[in-house]
Amino acid sequence: MSRQAPAVVAAVVAVAAQIVYPLVDGDARDTVTVVVVLALTVAAVAHAWATRGGRWTAIMLAVTAGLGLFSEIVGTATGFPFGCYAYADGRLGPELAGVPLLVPLAWTAGSYPVWIAVTHVADRTRPVVRVALVTVGIVGWDLYLDPQMVADGQWVWCSPHPAPPGLEPIPWTNYLGWLLIAGAIAVTLAWLDRSRPTSTRREDVVPLSLFLWTWLGSALAHAVFLPELGWSALYGLVGMGIVGVPLVTRSRRAGTISECSPTPRPVFDDRAPEWPR
């Protein structure tokens, strides 16, 4: 666990910052947003490095952040694949082509815990199931993220397309775009993990905890502390729950089996020993 200490510390910082988020506003909230994304990214990268090695981590980071940045630059310039939108100027730090450099890190921060959770739900013998669950799980995470950031004015939508009920003004095309990019990330991670043994839940406790915290904590925060995001709480709870429910069910089942398994007892042979003749 000492190798995972940086991941643990970063995860604690991220959770603490998320708790503070509803309590502040203005520049302070922008600062908290930056801290959350950076801390979650560090937690993901540090955990991946400790458990999967440098090469795996480098490819994961290049794919998640690289595809995220590419899609955002194309998206803000052309409206494809998400729809017409633009980021607020100067609120989240340095930018490239109108996209804050923090944004691609958010793709890494959101994708990695979902991937780890799915590896504990579907093994590598079911790659199609893995890809589908990761794709849906990442989109489920955005069902929390997008409404929260739009409500805070971090980006604005100018798309003529209608929005899902309760998620105005975010158009439905946004979620189609997320399905496309998340699917590409999922396929790449499935390929990357194709021959790696599945980690234990103990080894993956940091990203699994962050997944559960995001799934359930965001639902609570949006429903109670950010009440204007009530619909987002429902959509995100259901979306991430497609991964979260089987994860919790399997974890409980595994714990029950472990607790109920009889402890092996030594077998004694009470027959009289045979003496050599």
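The residue numbers shown here count from 1 along each chain, following its written sequence. Side-chain atom pairs in this predicted model are given and counted only at pLDDT of 80 or more, local residue features only at pLDDT of at least 70, and totals for whole chains, interfaces and linings cover all residues. To get the side-chain values, all heavy atoms of the structure are used, and hydrogens and water are removed first.

Asker: Explain unusual backbone geometry to me, please; I cannot follow it from the model alone.
Answerer: Most peptide bonds take the trans configuration, and most residues that are not glycine carry a negative phi. Cis rather than trans, the peptide bond between F80 and P81 has omega equal to 5°. Segments assigned H or I by DSSP are reported as helices when at least four residues long, segments assigned E as strands when at least two residues long, and all are numbered from the N terminus. Within the secondary structure layout, P81 lies in the loop between α3 (54-78) and β1 (85-87). The omega torsion across E168 and P169 is 5°, close enough to zero to call that bond cis. Secondary-structure assignment places P169 in the loop between β4 (155-157) and α6 (172-192). If you check the backbone angles, A97 has positive phi at about 55° while not being a glycine. Along the polypeptide, A97 turns up in the loop between β2 (95-96) and β3 (99-100). Only protein chains enter the calculation, and the probe is 1.4 Å; a residue is then buried if its accessible area is under 20% of its type maximum, exposed if over 50%, and partly exposed in between. By relative accessible area, which is 54% here, A97 ends up exposed.

Asker: Can you help me understand the layout of surface pockets in this one?
Answerer: To find the voids left in a structure, one rolls a probe of water-molecule size over its atoms. Put plainly, a pocket is an open set of points on a 1 Å grid over the protein atoms alone with protein on both sides within 12 Å along at least five of seven lines, a cavity is a set where a 1.4 Å probe fits but cannot get out, and a lining residue has an atom within 4 Å of a point. Grid points are joined across faces, edges and corners, and a volume is the space filled by probe spheres set on the points. One number sums up the size of the largest pocket: a volume of about 770 Å³. Residue lining of the largest pocket: 40 residues in total, with Q18, V36, L145, Q148 and M149 positioned closest to the centre. Among the secondary structure elements, those contributing two or more residues to the lining of the largest pocket are α1 (5-20), α2 (26-52), β1, α4 (102-119), α5 (127-151), β4, α6 and α7 (205-225). The leading source of residues in the lining of the largest pocket is α7, at 8 residues. Gly is placed with the polar residues, together with every amino acid not listed as nonpolar (Ala, Val, Leu, Ile, Met, Phe, Trp, Tyr, Cys and Pro) or charged (Asp, Glu, Lys and Arg). Looking at the lining of the largest pocket residue by residue, the class counts come to 29 nonpolar, 8 polar and 3 charged.

Asker: What should I look at first to understand the nonpolar core in this one?
Answerer: Within soluble globular proteins, side chains that are nonpolar tend to cluster in buried spots. Counting residues in hydrophobic clusters, the biggest one holds 71 residues, and the most contacted among them are W56, W178 and F211. Excluding anything up to four places from it in sequence, F211 contacts P113, V114, A117, M240, V243, G244 and L247. Buried Ala, Val, Leu, Ile, Met, Phe, Trp, Tyr and Cys residues that are joined via side-chain atoms within 4.5 Å together make up what is termed a nonpolar core. The contact definition used throughout considers only heavy atoms, calling two residues in contact when any of these lie within 4.5 Å.

Asker: So what exactly am I meant to see when it comes to the pattern of salt bridges here?
Answerer: Opposite charge on two side chains allows them to pair when their charged atoms are near. A side-chain nitrogen of Lys or Arg and a carboxyl oxygen of Asp or Glu constitute a salt bridge if their distance falls within 4 Å. Scanning the entire structure with this criterion turns up 4 salt bridges. A salt bridge links D30 to R91, with the shortest nitrogen-to-oxygen separation between them at 2.7 Å. Taken together, the residues span a long stretch of sequence, with D30 in helix α2 and R91 in the loop between β1 and β2 at a distance of 61 residues. For R91, a relative accessible area of 26% puts it in the partly exposed group.

Asker: It is not clear to me how the environment of Y21 should be interpreted in this structure. Could you clarify?
Answerer: The topology assignment puts Y21 in the loop between α1 and α2. With 11 residues separating them in the primary sequence, Y21 and V32 have C-alpha atoms 6.2 Å apart. Excluding residues within four positions of it along the chain, Y21 makes contact with R29, V32, T33, Q148, M149, D152 and L226.

Asker: Just checking my understanding: could you explain α5 for this structure?
Answerer: Since one α-helical turn is 3.6 residues long, residues separated by three or four positions face the same way. One less than the residue count of a helix, multiplied by 1.5 Å, gives the span that helix is expected to have. Spanning 25 residues, α5 covers 36 Å between terminal C-alpha atoms, matching the ideal 36 Å at 1.5 Å per step. What is called the bend at a residue is the angle between a pair of axes, fitted to the seven residues leading up to and ending at it and to the seven starting from it. Along α5, the sharpest change in direction is near 25° and occurs at D142.

Asker: Where do I start with the packing of aromatic side chains in this structure?
Answerer: Aromatic contacts are taken between Phe, Tyr and Trp rings whose centres are within 6.5 Å, Trp giving its six-membered ring; a plane angle under 30 degrees counts as stacked, one over 60 as edge-to-face, and the others as tilted. All chains considered together, the criterion is met by 10 aromatic pairs. Seen in terms of ring centroids, Y87 and W155 are 5.3 Å apart; in terms of plane orientation they differ by 70°. Their pairing is edge-to-face. With Y87 in strand β1 and W155 in strand β4, the pair connects residues that are 68 residues apart, well separated along the chain. Measuring from centroid to centroid gives 5.9 Å for W141 and W178, while their planes differ by 65°, and the two rings are edge-to-face. Here the residue W141 occupies a position in helix α5, and W178 occupies one in helix α6, the gap between them amounting to 37 residues. The same class applies to W141 as to W178, namely buried. Any Lys NZ or Arg CZ that is within 6 Å of a ring centre and within 35 degrees of that ring's normal is treated as a charge sitting over the ring. Note that R29 overlies the ring of Y21, its terminal NZ or CZ placed 4.3 Å from the centroid. Taking NZ or CZ as reference, R52 lies 5.6 Å from the ring centre of W56, over its face.

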